[in-house]
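# Per-entry structural report
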Amino acid sequence: ADLGAFVALSGRFDQIISFDGNSAQSVNNFAVWVPSRNNWLENLDLPTISLQGILTAYAELKDDEPQLFAGSVSSFDISTTGAVQIEENNQLHAFVPDINLPRSFLGTNKRKFMWKRQTTTNLTNGVTGVITGMFYEENNFNLTILAGSFSARASTGTELDNLVIIDGGNNHEVSGISGGIESSSIIKTVGVSSTTNDLFVGGILGGKAGSNVVNGLAVLTLPGATFADPQPPALAGTSVTVNAIAPQPSSPSVFVGGSFDRAGELPCEALCLYDASEKRWRLAANDFSGTVTLLEWIDTTHLLVAGDLTINNTQTRLALYDATGGFFMSTASAADAPSGSITAMTPATANGSAAFLATTSEDGNSLLHKYDGASWMQLTRIGRPR
C-alpha cells in the first residue's frame, strides 16, 4: 500500500497508547506514524518489515535499493504475530491476527484465512496466540495445523477454539474444534498418527468430546477435525498437562509425555503410549516418573526424552528410550545437568548419544547446553527477554 510520507520515532518506550478505538500496542523503542492514515503503522493491517530498538541514523540510497538503519536495532523482513509459513520458493507468508474479515497470506500464492486473537486474560501463565503447529502431508493429505490459545473462524463461519486445520487439498478450507473442549484450554503440542490419520492434541485441556471426558489429551479424525470415538481413557493426576506428543514412525504407537499419574486405569506416570489401532493405552516403561517436557525421535525405534525425570531411582534431564524393548538405553549424567525450564531439544549425533538443550532460568535468561554423551556444558547465554 502507498502510505506516502511517514514519521519514525525512536527512543526508550514500550507501548503505543490506545486512542480512537485503537487498542494499545506493545513496541520496542521504535514506532512509525503515518500522516496519510492519521494512525500508527502498528495499528494498520499491512505487511511491513519489523524494526526494533533505538535508531540513531538513517539513510536512503538510490531508488529500488535497500534503506540503511543504524543504532541499537534489530530488523526482519516481515512483522507478524500468530504464525508464519515458508514455502518452497522461500516466500515468507503470514497469518494476520486480530481481524474478523478474510485476509490473504503475503506473497505470490494467495490463501484465504480468517483469524482473530483470543483476548481472554485468565489463562494459565497468560499464554495467548499460536503455540505449536505442523504440516501433515502423508496419505495424500495437505494440511496445515495450528494450535495454542486463541479463537478463530471456520470457513463455514463457525467459531473455533484453540485449533485450526487448513486443508490445502480442499481450497484451503478451515476447520477446527468447535465446542466440547473448554475454550480456556491451552493446546501445547500436536501429533498425527499416519497409521490411522488421527490428530492428537495435548496441553491443559478440559471438557468433553461427545460423551468422553477429556483431561489433557483429545483425538480428532482428519481432515474434518471431528472428535474420534472412542477417545483415549482420560489422563489423571493432581495437575494434568500434556507437553509432548510423538507418534512413532511407521507404527500406530503414539507416545504422550507430560505431567500425569495415570492413563485411564493404567498407572503410567509422565510417559505413556497409546495404540491408535487397538484404541488402548500401554505402559511405556517401568520405574519411570517425573515430568516429561519434550520428545524427539532419533529413528523409527529410538526416542529422546527430556524433562525432570527419575529412571530406576536415578534423576536425570535427558534419556534415550528403545521403543522396541520398552526400556531406557542410557541416561544423561546428573552432574552439571542444566536447571530451569527446558524449552527446546535437538539431537547432536545421529544415534542420539548427544543432544542440545535450551533452557530458561528463573531470572529469565535463555541458555543453550550440550550433552556430549558423558557430561554437560553450557555453550552460551542466548539473552534475557526485555
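For the structure given in this document, a descriptive report is provided here.

Parameters at a glance
- Residues numbered from 1 in each chain as written.
- Predicted model: local features only at pLDDT ≥ 70, side-chain atom pairs only at ≥ 80, totals over all residues.
- Heavy atoms only, no water.
- Helix = DSSP H or I, 4+ residues; strand = E, 2+ residues; numbered from the N terminus.
- Buried < 20%, exposed > 50% of the residue type's maximum accessible area, 1.4 Å probe, protein only.
- Contact = heavy atoms within 4.5 Å.
- Areas by Shrake-Rupley, 256 points an atom, 1.4 Å probe, with all protein chains shown as cover.
- Disulfide = S-S within 2.5 Å.
- Pairing = 2+ DSSP bridges.
- Axes fitted to C-alpha atoms, helices over the stretch in contact; angles between N-to-C directions.
- Phe/Tyr/Trp six-rings, centres within 6.5 Å; stacked < 30°, edge-to-face > 60°.
- Salt bridge = Lys/Arg side-chain N within 4 Å of Asp/Glu carboxyl O.
- Core = buried A, V, L, I, M, F, W, Y, C linked by side-chain atoms within 4.5 Å.

## Regarding the overall build of the chain
Within the chain one finds zero helices and 34 strands. Considering the chain as a whole, with its 386 residues, one finds that 44% of them fall into the buried category. Long-range contacts, defined as pairs at least 24 residues apart, comprise 36% of the intrachain contacts of the chain with a sequence gap of at least 6. When the accessible surface of the chain is totalled, it reaches about 19,500 Å², and 46% of it is carbon and sulfur.

## What about the state of the cysteines?
Evaluation of the coordinates by the stated rule reveals one disulfide. Each disulfide pairs two cysteine sulfurs, and for C268 the partner residue is C272, the sulfurs being separated by 2.2 Å. Between C268 and C272 the sulfur-sulfur dihedral comes to about -85°; the bridge is accordingly left-handed. For the pair C268 and C272, a shared accessibility class is recorded, and that class is buried.

## Quick look at the sheet that holds strand β26 (residues 280–283)
The four strands lie next to each other as β22-β23-β25-β26, forming an open sheet whose pairing is antiparallel. In this open sheet, the two edge strands, each paired with only one partner strand, are β22 (241–247) and β26. In this sheet, adjacent strand axes meet at a mean angle of 30° when their direction is disregarded. Of the strand pairs in this sheet, β22 and strand β23 (residues 253–259) are connected by six bridges, and their pairing is antiparallel. Note on β23: the bridge partner recorded for T241 is S259.

## Examining the packing of aromatic side chains
Per the stated rule, a full pass over the model turns up ten aromatic pairs. Arranged with centres 6.3 Å apart and planes meeting at 40°, the rings of F19 and W33 form a pair that is tilted. Within this pair, whereas F19 is found in the loop between β2 (15–16) and β3 (25–26), its partner W33 is found in strand β4 (residues 30–34), the two being separated by 14 residues in sequence. Here F200 and Y274 contribute two aromatic rings whose centre-to-centre distance is 5.9 Å and whose plane-to-plane angle is 65°, an arrangement assigned as edge-to-face. A residue pair is termed long-range when its members are at least 10 positions apart, and F200 in strand β18 (residues 198–209) and Y274 in strand β25 (residues 271–275) qualify at 74 residues. We note that F200, like Y274, is buried.

## Comments concerning the sheet that holds strand β27 (residues 288–297)
Strand order in the open sheet made by the four strands is β27-β28-β29-β30, with antiparallel pairing throughout. Among the strands making up the open sheet, the edge pair consists of β27 and β30 (327–331). On average, each strand axis in the sheet is inclined to that of its neighbour by 35°, with strand direction left out of account.

## Concerning unusual backbone geometry
Here L222 and P223 are connected by a cis peptide whose omega angle stands at 5°. Among the structural elements, P223 can be located in the loop between β19 (212–221) and β20 (226–227). Looking along the chain, the bond that leaves D229 and enters P230 is cis, with omega of 10°. On the secondary structure map, P230 appears in the loop between β20 and β21 (235–236). Positioned with a positive phi, N162 is a non-glycine residue whose angle comes to about 70°. Positionally, N162 belongs in strand β15 (residues 159–167).

## Re the pattern of salt bridges
Applying the stated criterion across every chain yields a total of six salt bridges. Between E278 and R280 there is a salt bridge, and its shortest N-O distance comes to 3.0 Å. Judged by its relative accessible area of 41%, R280 falls in the partly exposed class. R282 is the partner of E278 in a salt bridge, and the nearest nitrogen-oxygen pair spans 2.6 Å. For E278, a relative accessible area of 46% translates into the label partly exposed. Counted as one network, the salt bridges with shared partners bring together D275, E278, R280 and R282.

## Examining the environment of I166
Residue position: I166 is located in strand β15. Expressed as a C-alpha distance, the spacing of I166 and T144, which sit 22 residues apart in the sequence, is 5.1 Å.

## Some words on the nonpolar core
By size, the foremost hydrophobic cluster in this structure holds 21 residues, and its most contacted members are I145, L163, I165, I187, L199, V201 and L222. Those elements that place two or more of their residues in this core are β14 (143–153), β15, β17 (186–193), β18 and β19. Top element by residues in this core is β18. It accounts for four residues. Excluding residues that lie within four positions of it along the chain, L199 makes contacts with I145, L163, I165, V190, G191, V192, A218, V219, L220 and L222. Membership of the second largest hydrophobic core comes to 20 residues, among which are F255, F288, V292 and A319.

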